[in-house]
Amino acid sequence: MDTPEVLSASARTLHTLPEDEPDLASMRAWVCVLLEDLHEDVQLDVLLVCTELASNAYEHAEGPRAVRVQRHTGFVRVEVDDHTPADLPRLGTSRLGHSRGRGLVLVARLSRCWGTQEFAGGKTIWAEIDAQLG
């Protein structure tokens, strides 16, 4: 994997996730480099959101999968694509049992907003994380 440069405001970059086995450590390292000039607390929030959304894409959807990070003035937008259009996530519910379904609750708490967008043959789950502390 090529090392990305630090993202400047309004820059957007893409990371394609492996088809079979999730390589979340590689994705997190990529995000850390992109956002290395942001406060550590902001980086950790973005990392948690990226990890949760990418993990959900592996557990609940078909590939190919990709992660996009876009930096704006004041916030970072994370988008994760998969190719299972019919399975839109719902906050706090899981088809896998009662002890599951809290990941999107965490995403909702850490994000200023989040949502879904369908595209031909798939969907994007996105979240926006404030890049300003306080």
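Look a little higher up for the structure.
For the structure given in this document, a descriptive report is provided here. Only a predicted model underlies this, so the values are computations on that prediction, with no experimental measurement involved.

Before going further, it helps to examine the environment of Asp-20. Counting through the fold element by element, Asp-20 comes out in the loop between β1 (12-17) and α1 (24-34). Sequence separation of Asp-20 and Gly-63 is 43 residues, and the distance between their C-alpha atoms is 8.4 Å.

A cluster of acidic residues, Glu-19, Asp-20, Glu-21 and Glu-62, forms a negative patch at the surface. With respect to the helices and strands, the residue Glu-62 is situated in the loop between α2 (40-60) and β2 (65-72).

Quick look at the pattern of salt bridges now. Applying the stated criterion across every chain yields a total of eight salt bridges. The residue Arg-71 makes a salt bridge to Asp-37 at a minimum N-O spacing of 2.9 Å. You can see Arg-71 sitting in strand β2 and its partner Asp-37 sitting in the loop between α1 and α2, a full 34 residues away along the chain. Judged by relative accessible area, Arg-71 falls into the buried class, the value being 11%. Given a relative accessible area of 49%, Asp-37 falls into the partly exposed group.

This brings us to the packing of α1 against α2. Put simply, α1 and α2 touch, their axes get as near as 10 Å, and they point 145 degrees apart. Between α1 and α2 lies a crossing whose hand is right-handed. Facing Leu-24, Met-27, Arg-28, Val-31 and Cys-32 of α1, the residues of α2 in contact are Gln-43, Val-46, Leu-47, Cys-50, Thr-51, Ala-54 and Ser-55. Grouping the constituent residues of the contact of α1 with α2 by class yields eight nonpolar, three polar and one charged.

Each value, and the rule that gives it
- Residues numbered from 1 in each chain as written.
- Predicted model: local features only at pLDDT ≥ 70, side-chain atom pairs only at ≥ 80, totals over all residues.
- Heavy atoms only, no water.
- Helix = DSSP H or I, 4+ residues; strand = E, 2+ residues; numbered from the N terminus.
- Patch = residues over 30% accessible without salt bridge, like charges linked within 9 Å, V, L, I, M, F, W, Y side chains within 5 Å.
- Areas by Shrake-Rupley, 256 points an atom, 1.4 Å probe, with all protein chains shown as cover.
- Salt bridge = Lys/Arg side-chain N within 4 Å of Asp/Glu carboxyl O.
- Lys, Arg positive; Asp, Glu negative; His and termini not counted.
- Charge placed at Lys NZ, Arg CZ, Asp CG, Glu CD.
- Buried < 20%, exposed > 50% of the residue type's maximum accessible area, 1.4 Å probe, protein only.
- Axes fitted to C-alpha atoms, helices over the stretch in contact; angles between N-to-C directions.
- Left-handed = near helix turned anticlockwise from the far one by under 90°.
- Contact = heavy atoms within 4.5 Å.
- Nonpolar A, V, L, I, M, F, W, Y, C, P; charged D, E, K, R; others polar.

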